[in-house]
Amino acid sequence: MQRPESHDDPRTMLAASAREFYRRGWMLGTAGNLSARLPDHSFWITASGRPKDLLTEADFVRLDASGRVLEAADGRRPSAEAAIHQVLYRHFAEARWVFHVHSVEANLCGHFARDGALRLPPLEMLKGLGVAEAEPEVFLPVFPNFVDVAAIAAAMDETFTRQRPRVPGVLIHRHGLTAWGSDAHAARHHLELLEYCFRYLVQARSLALGE
């Protein structure tokens, strides 16, 4: 199968985003994964086990919507978490880019979740996530971190079939944050705002503010 024609190769932006997230301490080592969906519904995703500050075009694998490999450099395998990206693309038509990172604050905030959800602080920042009201009550879905990534994807699939989250993001306990958007800038924007909420929650807890 031939690659869809495109004047702008999304792998360039994916690699640049990975370098930025590495610099922030969100994608240290080979942790995390990024993807971008193409018009034919195939998507580029980071290859498994590649240092995120050194990615090149060869460090991405193109999959179809069912997860079948369409294009890959020799020795490159798709991220083990490709199944999660498939679920997000299937449920959210507006999701064109998906960013998954491993920050310290995200992993700490997983411990604050109750009944599979984390209450986000009612901050002005939530407007950037599509929540316009004042003092909103917003819960971020939190999923268990199963060893079998397919089980995480299945849990997401079941949950999203019943109810869409209010904000474009999900948390995997003791694992990391995943956010999505209609383009690279929107996905990064949503990721940054959720990470800001996590930092706020961690600091509020340390100051015993009761958030």
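Here the structure is shown first, and the text comes after it.
Conventions adopted
- Residues numbered from 1 in each chain as written.
- Predicted model: local features only at pLDDT ≥ 70, side-chain atom pairs only at ≥ 80, totals over all residues.
- Heavy atoms only, no water.
- Helix = DSSP H or I, 4+ residues; strand = E, 2+ residues; numbered from the N terminus.
- Expected span 1.5 Å × (residues − 1).
- Buried < 20%, exposed > 50% of the residue type's maximum accessible area, 1.4 Å probe, protein only.
- Arc of directions from axis to C-beta.
- Contact = heavy atoms within 4.5 Å.
- Polar contact = N/O pair within 3.5 Å; in protein donor to acceptor, adjacent residues only side chain to side chain.
- Pairing = 2+ DSSP bridges.
- Axes fitted to C-alpha atoms, helices over the stretch in contact; angles between N-to-C directions.
- Parallel < 35°, antiparallel > 145°, perpendicular 65-115°, else oblique.
- Left-handed = near helix turned anticlockwise from the far one by under 90°.
- Nonpolar A, V, L, I, M, F, W, Y, C, P; charged D, E, K, R; others polar.
- Core = buried A, V, L, I, M, F, W, Y, C linked by side-chain atoms within 4.5 Å.
- Phe/Tyr/Trp six-rings, centres within 6.5 Å; stacked < 30°, edge-to-face > 60°.
- Lys NZ or Arg CZ within 6 Å of the ring centre and 35° of its normal.

Regarding helix H4 (residues 149-162)
End to end, H4 covers 20 Å across 14 residues, agreeing with the expected 20 Å (1.5 Å per residue, within 8%). Looking only at H4, the buried set comprises Val149, Ile152, Ala153, Ala155, Met156 and Phe160. One side of H4 holds all its buried residues, which, seen down the axis, span an arc of 160°. What points out from H4, more than 90 degrees from its buried face, is the exposed set Glu158, Thr161 and Arg162. Contact partners of the buried residues in H4: helix H2 (82-91), strand S7 (138-143) and strand S8 (169-172). Of the residues flanking the start of H4, the one acting as N-cap is Asp148, its side-chain oxygen 3.1 Å from the backbone nitrogen of Ala150.

Points about the sheet that holds strand S3 (residues 60-63)
The sheet built from 9 strands is open, its strands ordered S4-S3-S2-S1-S5-S9-S8-S7-S6 with mixed pairing. A strand with exactly one partner marks an edge of an open sheet, and here the two such strands are strand S4 (69-71) and strand S6 (117-120). Neighbouring strand axes in the sheet, compared pairwise and without regard to direction, differ in orientation by 25° on average. With 4 bridges connecting them, strand S2 (residues 43-46) and S3 associate as antiparallel partners. For Phe43, the partnering residue across the bridge sits in S3 and is Leu63.

Digging into the packing of H2 against H4
Between H2 and H4, whose axes approach to 8 Å, the crossing angle comes to 15°. Taken together, the axes of H2 and H4 are roughly parallel relative to one another. Judged by the sense of rotation from one axis to the other, the crossing of H2 with H4 is right-handed. Across from Ala83, Ile84, Val87, Leu88, Arg90 and His91 in H2, the residues of H4 making contact are Val149, Ile152, Ala153, Met156, Asp157, Phe160 and Thr161. For the contact of H2 with H4, the class distribution of residues is 9 nonpolar, 2 polar and 2 charged.

Looking at the nonpolar core
If you look at the biggest cluster of nonpolar residues, it comprises 39 residues, and the most contacted ones within it are Leu118, Leu120 and Phe198. Elements supplying a minimum of two residues to this core: helix H1 (10-23), strand S1 (33-37), strand S5 (97-101), helix H3 (104-109), S6, S7, strand S9 (176-181) and helix H5 (184-206). A total of 8 residues in this core trace back to one element, the largest contributor, which is H5. Apart from the residues lying within four places of it in its own chain, the contact partners of Leu120 are Leu126, Val138, Leu140, Val167, Leu194, Cys197 and Phe198.

Thoughts on unusual backbone geometry
A positive phi is found at His41, a non-glycine position, where the angle reads about 75°. Considering the arrangement of structural elements, one finds His41 in the loop between S1 and S2. Among the residues examined, His41 registers a relative accessible area of 44% and is labelled partly exposed. The backbone phi angle of Arg174 is positive, close to 55°, even though this residue is not glycine. Structurally, Arg174 can be placed in the loop between S8 and S9.

Quick word on the packing of aromatic side chains
A complete count under the given rule lists 7 aromatic pairs for this structure. Ring geometry for Phe21 and Phe99: centres 5.4 Å apart, planes at 70°, overall edge-to-face. Taken together, the positions of Phe21 in helix H1 and Phe99 in strand S5 put the pair 78 residues apart, joining distant regions of the chain. Measuring from ring centre to ring centre gives 6.4 Å for Trp97 and Phe99, while their planes differ by 85°; the resulting arrangement is edge-to-face. Given a relative accessible area of 12%, Trp97 falls into the buried group. A relative accessible area of 0% places Phe99 in the buried class. Taken together, Phe21, Trp26, Trp97 and Phe99 form an aromatic cluster joined through their ring pairs. One Lys or Arg, Arg11, reaches over the ring of Trp44 and ends 4.1 Å from the middle of that ring. The ring of Phe112 carries the charged tip of Arg205 above its face, separated from the ring centre by 4.0 Å.

Spatial relationships are all this shows, so hold off on functional conclusions.
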